[in-house]
Amino acid sequence: YDGIAKGKTMPIRDILRNEEEAKREVELSDGNLTFLSNNDEDLEWIERYASGELELGLTTGSEQLDEHWRFKKEFMMVNGHSNVGKTTFLLWLMVDGSMHHNWRWLVYSAENKTAAIKMKLMQFAMDSTVSRFNHAETKLAWEWVSEHFTIIDNSVSYSYSDILLFAEKLHR
């Protein structure tokens, strides 16, 4: 079998595909299972949690919700299908965090009008719909949202690195 001769007649895409398949087979057979969680460490964490040694995070203001979820300092990512309420739920959590912990937020929502984001934040802050606000309530809600939220223009698409740069600029 002459591999060089065969390689000279084989399309490049087939050679690359064969190489990728060979690499994948090596990775599948290498015995490296370090991606699995460590049962001893996990059991130790569970025992520390049960004994009250772990910091639980900050309250949401709801005892029922606090039993299952708390504000933490770590990064959180939410993924899901379209139109299931991700943005609405996260905006509610942001308003809750601002009300209970006076947090401020930088928001980039590529899919929603910036005015719609601000309106939703105002409604959560006032626990009402804007159609029911009087002028004074609209002004109060607008000022509160403006104080706690900075919304990035979404008429241009930005990368995560752009957003991080914007956050750094605003933080200075």
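Residues numbered from 1 in each chain as written. Predicted model: local features only at pLDDT ≥ 70, side-chain atom pairs only at ≥ 80, totals over all residues. Heavy atoms only, no water.

1. Some remarks on the nonpolar core
Nonpolar side chains in soluble globular proteins tend to end up buried together. Here is the rule: Joining through side-chain atoms within 4.5 Å is the link that ties buried Ala, Val, Leu, Ile, Met, Phe, Trp, Tyr and Cys residues into a set, and such a set is a nonpolar core. The classification of residues rests on relative accessible area computed with a 1.4 Å probe and restricted to protein chains. Under 20% of the type maximum is buried, over 50% is exposed, and intermediate values are partly exposed. Helix and strand definitions here come from DSSP, where helices need a minimum of 4 consecutive H or I residues and strands a minimum of 2 consecutive E residues; each element is numbered from the N-terminal end.
Among the nonpolar cores identified, the biggest contains 14 residues, and Leu121 and Phe149 are the most heavily contacted of them. Taken together, the elements giving at least two residues each to this core come down to α5 (86-101), α6 (114-126), α7 (135-148) and β2 (149-151). For this core, the element with the highest residue contribution is α6, accounting for four residues.

2. Brief notes about the layout of surface pockets
Going by this rule: Here a cavity denotes a set of grid points, spaced 1 Å apart and computed over the protein atoms alone, in which a 1.4 Å probe fits but from which it cannot get out, and a pocket denotes an open set meeting protein on both sides within 12 Å along at least five of seven lines; residues with an atom within 4 Å of a point are reported as lining. Grid points are joined across faces, edges and corners, and a volume is the space filled by probe spheres set on the points. Amino acids outside the nonpolar list (Ala, Val, Leu, Ile, Met, Phe, Trp, Tyr, Cys, Pro) and the charged list (Asp, Glu, Lys, Arg) are all regarded as polar, and Gly is one of them.
Here the largest pocket defines a volume of roughly 1800 Å³. As for the largest pocket, its lining consists of 47 residues, of which Phe75, Met76, Leu90, Met94 and Trp105 are closest to the centre. Residue assignment for the lining of the largest pocket shows that the elements contributing at least two residues are α3 (39-50), α5, β1 (105-107), α7, β2 and α8 (160-171). Looking at side-chain class alone, the lining of the largest pocket contains 28 nonpolar, nine polar and ten charged residues. When its volume is computed, the second largest pocket comes out at roughly 210 Å³. Elements supplying a minimum of two residues to the lining of the second largest pocket: α5 and α6. Among the elements that line the lining of the second largest pocket, the one with the most residues is α5, at four residues. Its residues assigned to classes, the lining of the second largest pocket comprises four nonpolar, six polar and two charged.

3. A word on the side chain of histidine 148
Cut-off, in case you're wondering: As used in this structure description, the phrase polar contact means that two N or O atoms lie within 3.5 Å; if the pair is within protein, one of them must be able to donate a hydrogen and the other to accept it, and residues adjacent in sequence are counted only when both atoms belong to side chains. Any pair of residues with heavy atoms lying within 4.5 Å of one another is described as a contacting pair.
Position of histidine 148 relative to the elements: it lies in helix α7. A polar atom in the side chain of histidine 148 sits 3.0 Å from the side chain of asparagine 102. Discounting residues that sit within four places of it in the chain, histidine 148 has contacts with Ser98, Asn102, Trp103, Arg104 and Trp105.

4. Some thoughts on α5
As a reminder of what qualifies: Expected helix span is computed as 1.5 Å times (number of residues minus one).
Here α5 contains 16 residues, and its C-alpha end-to-end distance of 22 Å stays within 8% of the 22 Å for a straight helix at 1.5 Å per residue. Those residues of α5 that fall on the buried side of the exposure criterion are Leu91, Leu93, Met94, Val95, Asp96, Gly97 and Ser98. Those residues of α5 that are buried lie in contact with β1, α6, α7 and β2. Just past α5, the residue asparagine 102 takes up positive phi, approximately 55°.

5. Concerning the pattern of salt bridges
Test applied: Salt bridges, as used here, are contacts in which a Lys or Arg side-chain nitrogen is within 4 Å of a carboxyl oxygen on Asp or Glu.
One pass over the full model with this rule turns up seven salt bridges. A salt bridge links arginine 48 to glutamate 53, with the nearest nitrogen and oxygen atoms 3.9 Å apart. Lysine 139 is paired through a salt bridge with glutamate 143; the nearest N and O atoms lie 4.0 Å apart. Placement of both lysine 139 and glutamate 143 in helix α7 is noted, with a separation of four residues, approximately one turn of the helix. Take lysine 139: its relative accessible area is 48%, and that puts it in the partly exposed class. The exposure class assigned to glutamate 143 is partly exposed, which follows from its relative accessible area of 43%. Residues participating in the shared-partner salt-bridge network are Glu19, Glu20 and Lys23.

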